[in-house]
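# Overview (structure and organization)
Spelled out from the first residue to the last, the chains are:
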Amino acid sequence: MFRYLPRPMPGDRVLDVGCGNGDFLEAARDAGWTAVGLEPDPAAAALCRVRGLDVRVGSLETLGAEATGFRAITLNHVIEHLHAPREALARVFSLLQPGGMLYLDTPNADSRGAARFGRHWRGLEPPRHLVLFTPASLQALLAQLGFIDIQVKRRPAVARGIYASSAAIAAGDARQPVRLPLATRLALALRPTPTRRLEFITLTARKPPAAA
């Protein structure tokens with residue numbers, strides 16, 4: 001829920017890119033952050049404003065020069081929808097204050113589900129998903145952009161839902177839920193999955209602190 005946010009100091013700001021209905025922004029605000037949302041859908045942004053949230057309509061490229069100095073920026077299932085993810089992450093780097101944190105979550109092209117279901121894997125989502133990463137490729141990109149302390153987190157609980165959705169796609173109707181075979185459910189529950197093979201890449205990274 002809190003995307004590994006640290007405890008805020010007075011005035012600390014967090015930017016949620018692609019904030020959707022604003023649930024995360026509300027939680028961050030209630031935890032003491034000055035929460036700002038960025039949302040390309042005007043209707044979704046309007047609903048956020050009804051909840052009293054500070055949400056701007058647009059993209060990373062449309063933020064003005066004054067929109068800098070964030071202590072944290074989060075992209076939860078956003079990067080896979082962007083035509084130019086490298087440029088977007090470079091912009092995130094520039095918007096963070098020295099020592100600021102990035103949180104990112106995205107489907108893992110090297111997951112066990114991707115290997116098992118192939119073109120039916122739920123994480124592909126054509127044509128909505130434009131670019132998919134592996135943990136290694138995403139970590140390498142972030143390092144090239146200057147991020148440090150890149151940490152891939154474990155979030156294995158989503159695997160069962162991804163498998164069920166992928167099985168429904170393979171059966172020809174993604175709208176119909178598929179009950180996974182008992183052997184598959186037991187394997188998901190009991191077989192350890194290496195972090196690099198989880199269905200989603202969940203990671204945090206930091207912008208280097210200012211030189212002393």
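Placed above this text is the structure.
The notes below deal with the structure included here. (Residues numbered from 1 in each chain as written. Predicted model: local features only at pLDDT ≥ 70, side-chain atom pairs only at ≥ 80, totals over all residues. Heavy atoms only, no water.)

Right, let's get into the overall build of the protein. Along the protein, the regular secondary structure elements total 7 helices and 7 strands. Written out in order from the N terminus, the α and β elements of the protein read β-α-β-α-β-β-α-β-α-α-β-α-α-β. When its C-alpha atoms are laid out on the principal axes, the protein stretches across 55 × 40 × 30 Å. Out of the 212 residues in the protein, the part that is buried amounts to 43%. The contacts in the protein between residues at least 6 apart in sequence include a share of 72% that link residues at least 24 apart. Surface summary for the protein: the accessible area is close to 10800 Å², and the carbon and sulfur share equals 57%. In the protein, the 27 positive side-chain charges and the 18 negative ones have mean positions that sit 8 Å from each other. (Helix = DSSP H or I, 4+ residues; strand = E, 2+ residues; numbered from the N terminus. Buried < 20%, exposed > 50% of the residue type's maximum accessible area, 1.4 Å probe, protein only. Contact = heavy atoms within 4.5 Å. Areas by Shrake-Rupley, 256 points an atom, 1.4 Å probe, with all protein chains shown as cover. Lys, Arg positive; Asp, Glu negative; His and termini not counted. Charge placed at Lys NZ, Arg CZ, Asp CG, Glu CD.)

Applying the stated criterion to the full structure yields 12 salt bridges. Across the pair D30 and R29 runs a salt bridge whose closest N-O atoms are separated by 3.8 Å. Between D110 and R196 there is a salt bridge, and its shortest N-O distance comes to 3.7 Å. Of this pair, D110 sits in the loop between strand 5 (96-107) and helix 4 (112-117) while R196 is found in the loop between helix 7 (182-190) and strand 7 (200-206), placing the two residues 86 residues apart along the sequence. (Salt bridge = Lys/Arg side-chain N within 4 Å of Asp/Glu carboxyl O.)

What the 7 strands build is an open sheet, ordered 3-2-1-4-5-7-6; its pairing is mixed. The outermost strands of the open sheet, each flanked by one partner alone, are strand 3 (54-57) and strand 6 (148-153). Pairwise comparison of adjacent strand axes, ignoring direction, gives a mean angle of 15° for this sheet. Inspection of the sheet shows strand 4 (residues 70-76) paired to strand 5 by 6 bridges, in the parallel sense. Its bridge partner being in strand 5, T74 is matched across the sheet by Y103. Lying over the sheet, helix 1 (residues 23-30) contacts strand 1 (13-17), strand 2 (34-39), strand 3 and strand 4, oriented at roughly 170° with respect to strand 2. Docked against the sheet, helix 3 (residues 85-95) engages strand 1, strand 4 and strand 5, running at close to 150° with respect to strand 5. (Pairing = 2+ DSSP bridges. Axes fitted to C-alpha atoms, helices over the stretch in contact; angles between N-to-C directions.)

Here we take up the layout of surface pockets. Computed from the structure, the largest pocket encloses a volume of approximately 260 Å³. Classifying every residue of the lining of the largest pocket by side-chain character gives 8 nonpolar, 6 polar and 2 charged. (1 Å grid on protein atoms, 1.4 Å probe; cavity = no way out; pocket = protein on both sides within 12 Å on 5 of 7 lines; lining within 4 Å. Points joined across faces, edges and corners; volume = space filled by probe spheres on them. Nonpolar A, V, L, I, M, F, W, Y, C, P; charged D, E, K, R; others polar.)

Formed by 29 residues in total, the largest nonpolar core has its most connected members in L15, L60, I73, L89 and F147. Elements that contribute at least two residues to this core include exactly strand 1, strand 2, strand 4, helix 3, strand 5, helix 5 (135-145) and strand 7. Ranked by residue count, the leading element in this core is helix 3, at 5 residues. Among all residues touching L89, those that are not within four sequence positions of it are I79, L102, L104, L138, L141, L142, L145 and F147. (Core = buried A, V, L, I, M, F, W, Y, C linked by side-chain atoms within 4.5 Å.)

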